[in-house]
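Close look at the chain arrangement
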Amino acid sequence: MTPTHVTDTRLRAPAWSAAHRSPGRRVAMRLMLCAMVPLAVVYFAWLLAPERVGHPALYALLIVAELFNAVQALGFWWTCSGERSRPPLRGAESAPGVDVMIPVYDEPVSIVEPTVAAAVAMTGARHTVHLCDDGDNPDMERMAARHGARYITRSEHAGAKAGNLNHALALTEQPYVLVLDCDHVPEPHFLEATLGHLADERVAFVQTPQYYANADTGDVAAAAWSQQALFFGPIARGKDGHDAMFCCGTNVVFRREALEQVGGFPQDSVTEDFELSVRLHEHGWRSRYVAEVLARGLGPEDMASYVSQQQRWARGCLSSLGPVLRSKLPLRVKLHYALSASYFLTGFTVLAYMAFPVVRILTGAQPLASTTADQFLAHFAPYFGLALLGVTFMGGGAYTFKAFALQTASFWIHVQAGIYTLLGRRGTFVVTPKEGAVERQPRAVWPALAAVAVLVGAAAFGLLRDRDPSTLNNVAFAALHVTVLLAGAWPALRLPSPAPAPERAPRALPPASREQEAAAAAARRRREREPLPA
Amino acid sequence: MTATLPPPETTRRRAPARPAASRRGGHAPPGAGGPVSPKKLAGEQLAVAGGQLTAGLGNLLFSLVAARVLAPGAFADLTAFLALYLLIHVPAGSLSAGSALAPELAARMRRRVLAIGGAAGLALAVLSVPLAMALDLSPVLLLAAAAAAPTAGLIALDRGRLYGLGRHARAVGSLLAEPAVRLALGVALAAVLGAAGGAIAIVVAGWAALAVAHLPQTRTAPAGEAPREGLRPGATIAAFALLALIQNQDVLLANAILGDGEAARFAVLSTIGGAAAFATTTIPLMLLPRAGRDALRIAIVLAGLLGLAAVLVVAVSPHALVGAVFGARYEAVGGAVVPYVHAMAMLGVARVLVAHACAARPPAAMLAMLGAVALGHVGLVLAIGDDATGVAYATLTATTALTAGSAAIALDWSPAPMLARARAFATRPDVLLVATLAAAALVIRLLATRGIWLDEATSVKQAKMPVGAMLHELGATDVHPPLHHIVLWLTVRVFGTGELAVRLPSMVAMVALIPLMYVAGRDIFDRRAGYAAAALATVAPFTVWYAQEARMYALFMLFALIAAWYQVRIIRDGGARNWIVYAASAVALIYTQYFGLLFVGAQQLVFAAAMIARRGDRYRLRAWAVAWGTTLPLMALAVIPLMGFALGQFEANEAAGKGFEQPSQTGGGVAAATQAPGAYEALTNAAWAVTGYHSDGTMTSLAALWPLLMLLALVLLGRGRSWSTGALATAAILPAVALFGLGQLKPFVFEVRYFIGAVPLVLLLIGRAVTSWPVRRVPTLLACTVAIGALAAGLADQQFNGSNPRVYDFKGALTQLEGRAKPGDIVVYAPDYIDTVVGYYGDGKLDARPLEKGVPKPRKGHRVFVLASFLDKKPYREQAEKAVKQLDRRYRLVNEQHYPQIRVWEFR
């Protein structure tokens, strides 16, 4: 066992629960939704009054941004209002056959090995672990052999992760397929907890949370996990409640029949999971979400990794937006896909909001007219306050300011992805790095820093010219944006913290890991006796 | 048989062994029997004290009748005789202590005491003439005293014996015999013979009491048992003699050093105070034979309660009490009744402690302490006893020292361990730091001061009334509950009506807030949060501003903090003590400010939420439900009387056409209290609460920074989800939200003062935020520094910026007027309701009258000053302008002065 294994955060027990089974919660959320709708109506009725039109272009921009965010907010509330915490469900079949696929590209063996070991040690099914290596790494092959996993490689590396999986699909035949990213260490009972849901012949896949075990290793990982927690908490539970949960690329068990019906994993998208889900739902298949952490993975630890991941997601989802809108999905499911895909347009609204104070200070033009700050606050503050309260309540506090700041500072990614999508430029699948960099990464946030410079310059100019309440108000808006942007970009501007001290990590493997080791050894011995199916 | 059976009374005799065990908490047996239960001990004490109280009331009744019947001089003579009588009886009465401790002493000493009493009476009779001259008394009175002398020691011995033997009914009979004879015989004799007649009746009554105490079947065998080891009846008698001296020497000294009028007034005080002391006389005597921890506790509680009851009775309306009981000519001494009765109440407690000490340990230290106090008492009377009040305060000081000293000795208190603990406590780094902050807070609150404001002057005027009249005035004209007024009433009685004196309760509350913030912050969050909260409270503008205002808002903040803190403790730990402290502070909060109800209501919502959250744990849920279900009705019960008071106020104000309206002191256009509050008003009030009062311009600029509140809301995402934070935030925010809603109907209620209880809670939350949000040391220090610096800047602007619209410089204007006005000059002021503050600063120095009564016409050569305030309100502005125009036609405007929120015109 290498030192990496000893301090591997993935071997700790998860510090988060995806389920929320409070009986009054759903009622409370629906009550909040009932309050949110009238507040939104009051705000927009006031905002859309003809006399509010200030500078027409700015006003139009404001209305579009506000409407977009209102739709997103209401969509979030609607999603959460249907949430369902689906428990694990043991299958009726005594030992179903499962192919466990772990796609690998160029990740270090030390990252992949715990995953393979834990996958081999899973119980509750006749399963075979396939290490699908697109990196042709002989160390990886030796490691797979060491753990009794099957090593699969291919001569032509087309289609990125989707191509890799499709290649493995062609070499295997079990009725169920579990896909694990190479950094996601599964729990021993992963298959026992999920296969029961596939007893329903209409279910194509069962998704489980994508838990980041390294959330406490840095600001980026923490913020990224905070965003994940909101998604795999109330949003995923809500989508499941609306039968609209989509596949997230890892920690998901598929029915082979469903995969084969839609032609396997789509290779023409950088978000093959999202596209695959759309296709499956279009074919009438259903999905399930089990709200329990069944695998522990690694999130992006530095800004460049985060940006890379977000760029891929933004481009993939935005490029899917058109197909989603054109699809023959049921309306409710289509709305969910549209909400998820269009989320990556949020960056445009951030850009607009940042522009307003700059334009007001420099030119005097402003979107609204015939109003006072008092009136604006009276209509906006309750709507805004309840929206934030809702996020806090529904997210169980998982969504933090750091997550919001990181998302806001990444506005440019959405803008870039939107423009590329409009231009029809195809993206490439870039694997998210699994280990953080140990240097400052200002280039990863330069657009946010440029925005900060513009805002600070405008605010300084305004203060030098005039300090009347109107200018102060716009300077305060600029300060708000600057603070959020800097908070989001800050992890890229300072040297990362040193690695966690050894005493913070377990000094030895927890009992579960020892059991995994023993089970892996037993499985290895078993496989040495039993030849793998062709 | 007779040789083997003890006499009947010896069977009831207390056990001889001095109960070491009983000092540790057991009970000394009442006789030869076993331990006595606390309940029985309390019952016996109550029965005898009841007899004593009845006897005292009878004696008081006799004095009251005598005061009516006799001329002042004769009454003073009779009182002096009574004092002399007491001087003989009370030291002799100290023999009671000896025979109570050792009942056999009565039989052994009776002959000797009779001989001494007879000799003393003879000596007194022989020296009656020169003594009468020295004491300025009639010789007849001294002869009467001589006739009483033989009874004094005998009564004391026999009563003490009865206490020691547990013959309580007989003791009570002897006590009651005295007032019965005095009233039956004394009133008639006093009417006929004057003071001498009364004195004769008193002597006869003493003999009658002796007869009852000495009746057969209760006497101890004259010979037989030797005194038991360890008892010190002689020292006990000496100690009680010294106590009697301390109790009575002031009236003799007053009679000697004061004129007739003042001596008579002190005689009134002595009579009332004597009743209070008399009520507790039997308690130590009952304690002596049963000294032990339970008996001591019961005796102290009973003596304390009787003393407290006496103080409360006279405190209701001392002037009226004295006037009604002794006649209007003695009313002037009413102000000293409370301190004097307080002194006698403490004497009652001190006697209990002395008795316990005499029964439990060697008496040398106690005797030395008593001697020192007696001497000190004489010195104090001579030093500050210029009048009846001075003598009363001298006695109060002496009895305070006596109580403290006797407690230290009786409870075997040694200063060394306490000093060691205190030293260890005081040198703890956190204590040093918090003490430094508290000292800094005190200095800031003392230095950054301002003059008395209108509302304060009104409160002071009310507090100067007798308490009954004050409460009536509050009920008829005010809109606030009475707790702060009662505190102020007591403060005014003790410290007077100076600016610092009337603000003392607020000052003390806002300095005490500093350590409380630390302790609460440490308890709720952690030590760092406690430090930050205490530092923030030190410079928070509102904690400084309202420390300098003789109103209820400082207490509001203090009680709000305690209630919120203990609610968090309840949610976290439960516990009866936490519930009790919470309920007490919550009720006090409501009695301080009616809007405290909103605060307590918000807390009940938190309790309800916490209860719902515990529904999965049936055991805890049941315990919680019982505690909450008990506390809430008790709180409601405690508040019910206040609701009646509030209803009366509302009806009175409605009848006066005012409702609950009152002049606003908003003083600025930013958050005018004349229209329904909007978002800007909400922002302004929130900004005031944290950053203090500022000029309208500053507030407009501050309010324009509202987008930063959006930033704050975003920063709060995912934070503050603990019960502690939630409870504090709810208690801080909900009352303000409720008042904002109410403000849509009644705009004036949305005023930061009415939800000022939120301020310490917000400071706690800020303290928590600045110490927990940054994860590293330097950013944490930076955040703390920025927060404290921001509040300090706000404080500086609030206190020193002359544009602060809340500053009304009545002090500056009226002090200036006092300097300029000469006899014959007239000051007119508007609006008329500033009469209280004009009265506060100009009472007796200015000829001031409201402008509402018309423009005056001074005599030639004299001047008219017009003082006007609240000129932002149109009616008052027009009233002042009209008066100035009228005066301008007839006189010459020679000067015009501007003060913050006040203008003064001078016409000649």
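Everything quoted here is computed from the prediction, not taken from an experiment.

1. Thoughts on the interface of chain B and chain A
- Tallying the contact residues gives 22 residues for chain B and 29 residues for chain A.
- The junction of chain B with chain A conceals about 2200 Å² of combined surface from both sides, 74% of it contributed by carbon and sulfur atoms.
- Inspection of the chain B/chain A interface yields four residue pairs in polar contact (both at pLDDT 80 or more).
- Going through the elements one at a time, helix H30 (679-691), helix H31 (696-704) and helix H32 (707-715) of chain B are the ones with two or more residues in the side of chain B that touches chain A.
- Per-element tally for the side of chain B that touches chain A: the top contributor is H32 of chain B, with seven residues.
- Looking at the side of chain B that touches chain A residue by residue, the class counts come to 14 nonpolar, four polar and four charged.

2. Let's talk about the pairing of strand S1 (residues 826-830) of chain B
All names here are of chain B.
- Burial within S1 is extensive, with five of its five residues counted as buried.
- The alternating pattern of S1 places Ile826, Val828 and Ala830 on one face and Val827 and Tyr829 on the opposite face, and all of these are buried.
- Strand direction decides the pairing type here: S1 and strand S3 (residues 864-869), joined by five bridges, are parallel. Considered in S3, the bridge of Ile826 is made with Val864.
- Across three bridges, S1 lies against strand S2 (residues 848-850) in parallel orientation. Along S2, the bridge assignment pairs Val827 with Ala848.

3. Things to note about the pairing of strand S6 (residues 203-207) of chain A
Residue and element names in this part refer to chain A.
- Among the five residues that make up S6, five are buried, leaving the element largely enclosed by the rest of the structure.
- With four bridges connecting them, S6 and strand S9 (residues 286-289) associate as parallel partners. Directly across from Gln207, in S9, lies its bridge partner Tyr289.

4. Description of the confidence of the model for chain A
- Taken over all residues, the pLDDT of chain A has a mean of 85, while the share at 70 or more is 88%.
- Counting interchain partners and residues more than four positions distant, the pLDDT-below-50 stretch residues 500-534 of chain A has 44 contacts.

5. A look at a nonpolar patch on the surface
Residues and elements named next belong to chain B.
- Judged by side-chain polarity, Leu185, Val192, Leu193, Ile200 and Val204 come together as a nonpolar surface patch covering roughly 410 Å² of accessible area.
- Mapped by element, the contributors of at least two residues to the nonpolar patch are helix H7 (168-193) and helix H8 (195-213).
- With three residues, H7 is the single largest residue contributor to the nonpolar patch.
- With respect to the helices and strands, Leu185 occurs in helix H7.

6. Side note on the pattern of salt bridges
All names here are of chain A.
- The tally for this structure, following the rule as stated, stands at 41 salt bridges over all chains.
- As a salt-bridge pair, Asp240 and Arg86 come within 2.9 Å of each other at their nearest N and O atoms. You can see Asp240 sitting in helix H8 (residues 219-241) and its partner Arg86 sitting in the loop between helix H3 (56-81) and strand S1 (97-104), a full 154 residues away along the chain.
- Since its relative accessible area comes to 0%, Asp240 is described here as buried.

7. Some details on the sheet that holds strand S8 (residues 252-255) of chain A
Residues and elements named next belong to chain A.
- With mixed pairing, the seven strands of this open sheet are ordered in space as S3-S2-S1-S4-S8-S6-S9. The open sheet has two free edges, formed respectively by strand S3 (150-152) and S9, since each of these has just one partner strand. Each neighbouring strand pair of the sheet contributes to a mean axis angle of 25°, computed without reference to strand direction.
- Taken together, the four bridges between strand S4 (residues 176-179) and S8 define a ladder with antiparallel strand orientation. Bridged to Val177 within S8 is Phe254.
- Set on the sheet, helix H4 (residues 109-120) makes contact with S1 and strand S2 (126-133); between it and S2 the angle comes to about 160°.
- Against the sheet, helix H10 (residues 272-282) touches S6, S8 and S9, its axis set at about 145° to S6.

8. Quick look at the side chain of Glu187 of chain A
All names here are of chain A.
- Examined against the element boundaries, Glu187 turns out to sit in the loop between strand S5 (185-186) and helix H7 (190-195).
- Taking the relative accessible area as the measure of exposure, Glu187 reaches 11% and is therefore buried.
- There is a polar contact of 3.1 Å between the side chain of Glu187 and the side chain of Arg296.
- Contacts of Glu187, omitting those with residues within four sequence positions, involve Pro14, Met122, Val293, Leu294, Ala295 and Arg296.

9. Overview of the side chain of Arg360 of chain A
All names here are of chain A.
- Along the chain, Arg360 falls in helix H13 (residues 346-363).
- Although Arg360 lies buried, it forms no salt bridge, and the closest oppositely charged side chain, Asp468, sits 5.8 Å away as judged by the N-O distance.
- Setting aside residues up to four positions removed in sequence, Arg360 forms contacts with Ala365, Gln366, Ser470 and Asn474.

10. Concerning the confidence of the model for chain B
Residues and elements named next belong to chain B.
- This prediction gives chain B a mean pLDDT of 84; 92% of its residues lie at or above 70.
- Between the elements of chain B, mean pLDDT differs from a low of 36, seen in helix H1 (residues 20-23), to a high of 97, seen in helix H24 (residues 527-539).
- A low-confidence stretch, residues 219-227 stays under pLDDT 50, and its non-local contacts, those more than four residues away or across chains, total 19 contacts.
- A low-confidence stretch, residues 659-672 stays under pLDDT 50, and its non-local contacts, those more than four residues away or across chains, total 46 contacts.
- The ipTM, which scores confidence in the relative placement of chains, is 0.86 for this predicted complex, and the corresponding pTM is 0.71.

11. Details of the packing of H8 of chain A against helix H11 (residues 303-326) of chain A
Residue and element names in this part refer to chain A.
- Between H8 and H11, whose axes approach to 9 Å, the crossing angle comes to 30°. Relative to H11, the element H8 lies roughly parallel. When the axes of H8 and H11 are compared, the crossing they make is left-handed. In this structure, H8 contributes Val220, Ala224, Gln227 and Gln228 to the contact, and H11 contributes Met303, Tyr306, Gln310 and Trp313.

12. Let's talk about the sheet that holds S3 of chain B
Residue and element names in this part refer to chain B.
- Sheet architecture is open: five strands sit in the order S2-S1-S3-S5-S4, paired in mixed fashion. Here the strands that pair on one side only, and so sit at the sheet edges, are S2 and strand S4 (893-899). When the angles between neighbouring strand axes are averaged without regard to direction, this sheet yields 20°.

13. Side note on the packing of H7 of chain B against H8 of chain B
All names here are of chain B.
- Between H7 and H8, whose axes approach to 7 Å, the crossing angle comes to 160°. Here H7 lies roughly antiparallel to H8, going by the angle between them. Judged by the twist between their axes, the crossing of H7 over H8 is right-handed.
- A class-by-class count of the residues in the contact of H7 with H8 yields 17 nonpolar, six polar and three charged.

14. A few points about the nonpolar core
- Phe81 and Leu288 of chain B are the most contacted members of the largest nonpolar core, which has 141 residues in total.
- Per-element accounting of this core gives the leading share, 18 residues, to helix H14 (residues 337-360) of chain B.

15. Points about helix H20 (residues 467-477) of chain B
- Taken together, the buried positions of H20 of chain B are occupied by Val467, Met470, Leu474 and Gly475 of chain B. Buried residues in H20 of chain B, looked at end-on, bunch into an arc of 135°, giving them a common side.

16. Some thoughts on the packing of aromatic side chains
- Tallying each qualifying case throughout the model produces 49 aromatic pairs over all chains.
- Centre to centre, the rings of Trp565 of chain B and Tyr566 of chain B are 5.0 Å apart; their planes meet at 55°, and the pair counts as tilted.
- By relative accessible area, which is 8% here, Trp565 of chain B ends up buried.
- Summarising the aromatic geometry, the rings of Phe740 of chain B and Phe750 of chain B are spaced 5.2 Å apart at their centres and angled 85° between planes, so their arrangement reads as edge-to-face. On the criterion of sequence distance, the pair formed by Phe740 of chain B in helix H33 (residues 723-743) and Phe750 of chain B in the loop between H33 and helix H34 (758-772) is long-range, its members being ten residues apart.
- Residue classification places Phe750 of chain B among the buried positions, given a relative accessible area of 8%.
- An aromatic cluster of three or more residues is present, and its members are Tyr43, Phe44, Trp46, Phe376, Phe380, Tyr383, Phe384 and Phe477 of chain A together with Trp706 of chain B.
- In this structure, Arg450 of chain B is placed above the aromatic ring of Trp545 of chain B, and the distance from its NZ or CZ to the ring centre is 3.6 Å.
- The lysine or arginine in question, Arg806 of chain B, covers the ring of Trp688 of chain B, its NZ or CZ lying 4.7 Å from the ring centre.

Procedures and definitions
- Residues numbered from 1 in each chain as written.
- Chains lettered and ligands numbered in written order.
- Predicted model: local features only at pLDDT ≥ 70, side-chain atom pairs only at ≥ 80, totals over all residues.
- Heavy atoms only, no water.
- Contact = heavy atoms within 4.5 Å.
- Buried area = accessible area lost by both parts, 1.4 Å probe.
- Polar contact = N/O pair within 3.5 Å; in protein donor to acceptor, adjacent residues only side chain to side chain.
- Helix = DSSP H or I, 4+ residues; strand = E, 2+ residues; numbered from the N terminus.
- Nonpolar A, V, L, I, M, F, W, Y, C, P; charged D, E, K, R; others polar.
- Buried < 20%, exposed > 50% of the residue type's maximum accessible area, 1.4 Å probe, protein only.
- Pairing = 2+ DSSP bridges.
- pLDDT = per-residue confidence, 0-100.
- Patch = residues over 30% accessible without salt bridge, like charges linked within 9 Å, V, L, I, M, F, W, Y side chains within 5 Å.
- Areas by Shrake-Rupley, 256 points an atom, 1.4 Å probe, with all protein chains shown as cover.
- Salt bridge = Lys/Arg side-chain N within 4 Å of Asp/Glu carboxyl O.
- Axes fitted to C-alpha atoms, helices over the stretch in contact; angles between N-to-C directions.
- Lys, Arg positive; Asp, Glu negative; His and termini not counted.
- Parallel < 35°, antiparallel > 145°, perpendicular 65-115°, else oblique.
- Left-handed = near helix turned anticlockwise from the far one by under 90°.
- Core = buried A, V, L, I, M, F, W, Y, C linked by side-chain atoms within 4.5 Å.
- Arc of directions from axis to C-beta.
- Phe/Tyr/Trp six-rings, centres within 6.5 Å; stacked < 30°, edge-to-face > 60°.
- Lys NZ or Arg CZ within 6 Å of the ring centre and 35° of its normal.

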